[in-house]
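Fold and contact review
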Amino acid sequence: MTTTLRPTGPEERPEGGGRARSFDVCVNSRPVGRLRLATDPRSALSTGRLADLWIDEPDRRRGRATVAALAAEEVLRGWGCRRIEFLVPADATPALRLSAALGYTERARRMTKELTAPPVLPPGSTDRPLDDAEYPGWRAAALAEYVRAMTAQGESPERAAELAEADHRLLLPDGAHTPDHSLRVLSHEGTDVGTVWTALRSPGRPGGYVYDVRVEPEHRGHGHGRTLMGIAERECLAAGRRTLGLNVYADNPTARRLYESLGYRATDHRLWKPLL
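Residues numbered from 1 in each chain as written. Predicted model: local features only at pLDDT ≥ 70, side-chain atom pairs only at ≥ 80, totals over all residues. Heavy atoms only, no water.

1. Digging into the overall build of the protein chain
Looking only at helices and strands, one finds six helices and 12 strands in the protein chain. Over its C-alpha atoms, taken along the principal directions, the protein chain stretches across nearly 70 × 35 × 30 Å. A total of 276 residues make up the protein chain; the buried ones form 43% of that total. Put simply, of all contacts in the protein chain between residues at least 6 apart along the chain, 63% involve residues at least 24 apart. Accessible surface computed for the protein chain: about 14000 Å², of which carbon and sulfur atoms make up 53%. The centroid of the 40 positive side-chain charges in the protein chain is displaced by 7 Å from the centroid of its 37 negative side-chain charges. (Helix = DSSP H or I, 4+ residues; strand = E, 2+ residues; numbered from the N terminus. Buried < 20%, exposed > 50% of the residue type's maximum accessible area, 1.4 Å probe, protein only. Contact = heavy atoms within 4.5 Å. Areas by Shrake-Rupley, 256 points an atom, 1.4 Å probe, with all protein chains shown as cover. Lys, Arg positive; Asp, Glu negative; His and termini not counted. Charge placed at Lys NZ, Arg CZ, Asp CG, Glu CD.)

2. Brief notes about the environment of threonine 116
Note that threonine 116 resides in the loop between β6 (105-114) and β7 (125-129). Accessibility expressed as a relative area gives 66% for threonine 116, which makes it exposed. Along the primary structure threonine 116 and leucine 275 are separated by 159 residues, whereas in three dimensions their C-alpha atoms are 44 Å apart. Excluding residues within four positions of it along the chain, threonine 116 makes contact with Leu237 and Arg242.

3. Here's the deal with the pairing of strand β3 (residues 30-39)
Of the pairings in the sheet, the one linking strand β2 (residues 20-27) to β3 comprises eight bridges and is antiparallel in character. For aspartate 24, the partnering residue across the bridge sits in β3 and is arginine 34. As consecutive antiparallel partners, β2 and β3 are separated by two residues, and within that stretch asparagine 28 has a phi angle of approximately 50°, a positive value. Here β3 runs beside strand β4 (residues 47-55); their pairing, made up of seven bridges, is antiparallel. Bridging across to β4, glycine 33 finds its partner in isoleucine 55. (Pairing = 2+ DSSP bridges.)

4. Some remarks on the environment of threonine 243
Relative to the elements of secondary structure, threonine 243 occurs in strand β11 (residues 243-249). Residues threonine 243 and lysine 113, 130 residues apart in the sequence, show an inter-C-alpha distance of 5.6 Å. Those residues in contact with threonine 243 that lie beyond four places of it in its chain are Thr112, Lys113, Glu114, Leu115, Pro206, Gly207 and Gly208.

5. A look at helix α4 (residues 157-171)
A rise of 1.5 Å per residue sets the reference length of α4, with its 15 residues, at 21 Å; its end C-alpha atoms lie 21 Å apart and thus fit the reference within 8%. For α4, the set of buried residues is Ala160, Leu163, Ala164, Asp167 and His168. For α4, the buried positions fall inside an angular range of 125° around the axis, keeping them on one side. Exposed residues pointing more than 90 degrees away from the buried face of α4 are listed as Glu158, Arg169 and Leu170. (Expected span 1.5 Å × (residues − 1). Arc of directions from axis to C-beta.)

6. Structural notes on the pairing of strand β5 (residues 83-89)
One face of the sheet, then the other: side chains in a regular strand alternate in exactly this way. Taken across its seven residues, β5 has five buried, putting it largely inside the fold. Where β4 meets β5, three bridges bridge the pair, whose relative direction is parallel. Within β5, the residue paired with threonine 47 across the bridge is arginine 83. Each parallel crossover has a hand, and for β4 linked through helix α1 (residues 64-78) to β5 it is right-handed. (Right-handed = clockwise from strand over helix to strand, strands pointing away.)

7. Quick look at the nonpolar core
One finds Val25, Leu35, Leu37, Leu50, Leu53, Leu76 and Tyr104 to be the most contacted residues of the largest nonpolar core, which totals 25 residues. Those elements that provide at least two residues to this core are β2, β3, β4, α1 and β5. Here this core takes four residues from α1, the largest share from any one element. Those residues within four positions of leucine 37 in sequence are excluded, and the remaining contacts are Arg19, Ala20, Arg21, Phe23, Arg49, Leu50, Ala72, Val75, Leu76 and Trp79. By size, the runner-up hydrophobic cluster in this structure holds 21 residues, among which are Ile231, Tyr259, Leu262 and Tyr264. (Core = buried A, V, L, I, M, F, W, Y, C linked by side-chain atoms within 4.5 Å.)

Have a look at this one:
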């Protein structure tokens, strides 16, 4: 039996750039599933996305998904893509096994936590809003960290810097006074030791979202990251948000262990592989 991809319609050119197309997964011309591919117009690396892959229950465990995923890679190579990404739910064990067998590695994971009562800050710790005088220095440090994370994932420094600037302009148009965003400074025994940026409302997200949490290098290892996350949770609860999400990159296992110890659980794994 031969497994192939059959387009279900013409190629799409979404507003903002990129391309996309949906396919039926077929065995001897019989549809047994679906697949959708898209490209990321923001990426200088011509990133393709396996946006959807579904095999009907009667045809599972027969290698259909494996062949379909390999065929998707060929389509994306033809589109000029140099890498492919795939977002897999944390509870989709068969998809995670398939991805590992096909050579995908984890790029990042999304995590979330159900919030109950706001944590109490430890003795000697206080927090306050980031003020206008502090905002330019904080922004420069946040942009630098964004660029570091993106270049570690393969983006060029120039493109990463462009994306960092564009995202910050979009998310914080009014700087520290942008509505529905909380920028807080943590002080311990009178010394500023870190900051946390939390979106209290975000399109497409049911709860709050931590965009940036940072402890100054000389103050790391003293539990301040845990305290900053507690501040983010308190801010969300005060805004009526009962969940808090975040993204953690695979090259930051220290942060991932911290979030897990605080009760955050993975919801999705972002996997990727180069297309050689």
